[in-house]
Amino acid sequence: MATTVLAQEAIYRCGQEYTNAPRDTTRCERMSPQAVTVITGTRPVASLPAAAVSARVGAPPDGVRASDARTKVESVRQANAPQTERDAQARSIVSLELDKARQQLAQLVQEYNQGEPEKWASEARNHTKYLDRVAALKAAIERTERDIVSLQRELNRRPVLASSAAP
């Protein structure tokens, strides 16, 4: 239920501040009266005593048979199936990205050749060009190593899903 109430006092805007008691009314602008909406919250329902709650943990609700409870659990599992599929797909994508990053790292390390990559024909006369390529290779190796670490962390974060459903 919402009720509308008109503000009783004048509201002033003094720069970035809104107040009903300005220090100097000559430096403040009086705002036009506006309706204030008050929304009342819901009251909490009286809860069961702690002993009754702890005794009921794991038990089906009153009036529900155990077979009905199992049926509901199965329906929840079936409802969660699309999410499980998405989780499995996301894990496989991260795993593929990790494999690609490892292959890229191996290729970069081989090309880097412990800081002395083979000189290209265009770099024979321009040593600065060669040094720039060596620096770029080193930066690419470092970046790929960081990518591998973050992909491994992401893979560890994602749960390993069992292929068979539990009874």
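Residues numbered from 1 in each chain as written. Predicted model: local features only at pLDDT ≥ 70, side-chain atom pairs only at ≥ 80, totals over all residues. Heavy atoms only, no water.

Asker: What am I meant to see in the side chain of arginine 133 here?
Answerer: Positionally, arginine 133 belongs in helix 3 (residues 127-157). For arginine 133, a relative accessible area of 11% translates into the label buried. Beyond its immediate chain neighbours, meaning those up to four positions away, arginine 133 contacts Glu111, Pro117, Glu118, Lys119, Trp120 and Glu123. (Helix = DSSP H or I, 4+ residues; strand = E, 2+ residues; numbered from the N terminus. Buried < 20%, exposed > 50% of the residue type's maximum accessible area, 1.4 Å probe, protein only. Contact = heavy atoms within 4.5 Å.)

Asker: Explain the packing of aromatic side chains here, please?
Answerer: Note on aromatic pairs: each is described by the distance of the centres and the angle between the planes. The full count for this structure, using the stated rule, is zero aromatic pairs. Here the guanidinium or amino end of lysine 119 rests over the ring plane of tyrosine 130, the centre of that ring lying 5.1 Å away. Over the aromatic face of tryptophan 120 sits the side chain of arginine 133, whose NZ or CZ is 3.9 Å from the ring centroid. (Phe/Tyr/Trp six-rings, centres within 6.5 Å; stacked < 30°, edge-to-face > 60°. Lys NZ or Arg CZ within 6 Å of the ring centre and 35° of its normal.)

Asker: Got a minute to help me understand the pattern of salt bridges in this structure?
Answerer: When the charged atoms of two side chains lie near each other, side chains of opposite charge can form a pair. Summed over all chains, the structure comprises seven salt bridges. A salt bridge links glutamate 29 to arginine 13, with the shortest nitrogen-to-oxygen separation between them at 2.8 Å. Taken together, the residues glutamate 29 in strand 4 (residues 29-30) and arginine 13 in strand 2 (residues 12-14) connect sequence positions 16 residues apart. Residue class for glutamate 29 comes out partly exposed when judged on its relative accessible area of 41%. The partly exposed category is assigned to arginine 13, whose relative accessible area is 29%. In this structure, glutamate 154 and arginine 158 form a salt bridge, with 3.0 Å as the shortest nitrogen-oxygen distance. The network of salt bridges with common partners includes Glu111, Glu123 and Arg133. (Salt bridge = Lys/Arg side-chain N within 4 Å of Asp/Glu carboxyl O.)

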